[in-house]
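Structural characterization, general
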Amino acid sequence: MAELYIGFVDTPGLFASMIRGVIRQKYIHVVVGLDDRLEEAYSFGRRNPAVPLIAGFEKENKYKIWQVFPNADYMVCSVSCTDEQKDYIKEKLEEAYRERSHYHYAVLGLPFILCKRPFYQKNHYTCSSYIGKLFEEAGIHAWGKHFSLVTPKDFFEWDGKKVIFEGKLQELLDEPGFLPAFRSGIILR
């Protein structure tokens, strides 16, 4: 058996508080990772953590998030899968990252989520719809609804995950050996 990882992120801000109000939960952003420290993790989200309106498929950078949101809350969960499923997910993530300029955040799809009506515009996803589709294609989990309607709440309530960390992003980064660049005074940009 292999493991994949889901990161849940709660950041402050107006856009985040609107999403939090709609899905009625703390964690409003999900990330899929290939390792338990989310060093190799991907999502549909902000291209720059400080600018919420410019979003697409990105490799997650916890250090940049920490610089903008030092009090962000994080939860990391593991998900069991087969080696083949993990290889499939890794291949799809790497492929999407190479083609990331063709992928965009599904802003037009947000009202459809509220109305519980499927909506898909080619290569446009939310953080949860992309991972939901990916997990379904890999045979890891079927959501019982169109992938465009999968929300962070679906991942949060999914019994198939095991919590391995929950706390402030700062605590995750402070684990021994985890922040050598910051401790040496180097700021990542």
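Note that the structure is a prediction, hence the values are computed from the model and not measured.

Positive phi values are uncommon outside glycine, yet Lys116 reaches one of about 60 degrees. When you line up the elements, Lys116 lands in the loop between helix H4 (110–114) and strand E7 (124–125). Using a relative accessible area of 66% as the deciding quantity, one classes Lys116 as exposed.

With 34 residues, the main nonpolar core has Ile89, Leu93, Tyr130, Phe135, Ile140 and Phe155 as its most contacted residues. Listing elements by their share of this core, those giving two or more residues are strand E1 (2–10), strand E2 (29–33), strand E3 (41–48), strand E4 (51–59), strand E5 (73–81), helix H3 (83–98) and helix H5 (127–138). Per-element tally for this core: the top contributor is H5, with six residues. Every residue in contact with Phe155, bar those within four places of it in the chain, is listed here: Ile6, Phe8, Val30, Ser128, Ile131, Gly132, Phe135, Trp143, Val150 and Lys161.

Moving on, we come to the pattern of salt bridges. Note on pairing: side chains with opposite charge can pair once their charged atoms come close. Applying the stated criterion to the full structure yields six salt bridges. Across the pair Asp73 and Lys168 runs a salt bridge whose closest N-O atoms are separated by 3.0 Å. Of this pair, Asp73 sits in strand E5 while Lys168 is found in strand E8 (residues 161–168), placing the two residues 95 residues apart along the sequence. On the basis of relative accessible area, Asp73 is assigned to the buried category, the value being 12%. For Lys168, a relative accessible area of 32% gives the class partly exposed. Ionic pairing is found between Glu137 and Lys133, a salt bridge with its closest N-O pair at 3.5 Å. Here Glu137 pairs with Lys133, and both are found in helix H5, just four residues apart, close to one helical turn. The exposure class of Glu137 is partly exposed, given its relative accessible area of 42%. Members of the salt-bridge network, linked through shared partners, are Glu40, Lys90 and Glu94.

Cut-offs applied
Each chain has its residues counted from 1, following the order in which its sequence is written. Per-residue local features are limited, in this predicted model, to residues with pLDDT of at least 70; the limit for side-chain atom pairs, both in listing and counting, is 80 or more; totals at the level of whole chains, interfaces and linings are taken over all residues. Each side-chain value is derived from all of the structure's non-hydrogen atoms; neither hydrogens nor water enter the calculation. Put simply, DSSP H or I for four residues or longer makes a helix, DSSP E for two residues or longer makes a strand, and each gets a number counted from the N terminus. Type-normalised accessible area, obtained with a 1.4 Å probe on protein chains alone, sets the label of each residue: buried when under 20%, exposed when over 50%, and partly exposed for intermediate values. The criterion is simple. A nonpolar core is a set of buried Ala, Val, Leu, Ile, Met, Phe, Trp, Tyr and Cys residues joined through side-chain atoms within 4.5 Å. Contacts are residue-level and defined by heavy atoms, with any inter-residue pair within 4.5 Å sufficient. Only one rule defines a salt bridge in this text: a Lys or Arg side-chain nitrogen within 4 Å of an Asp or Glu carboxyl oxygen.

Honestly, it's all geometry; don't read function into it.
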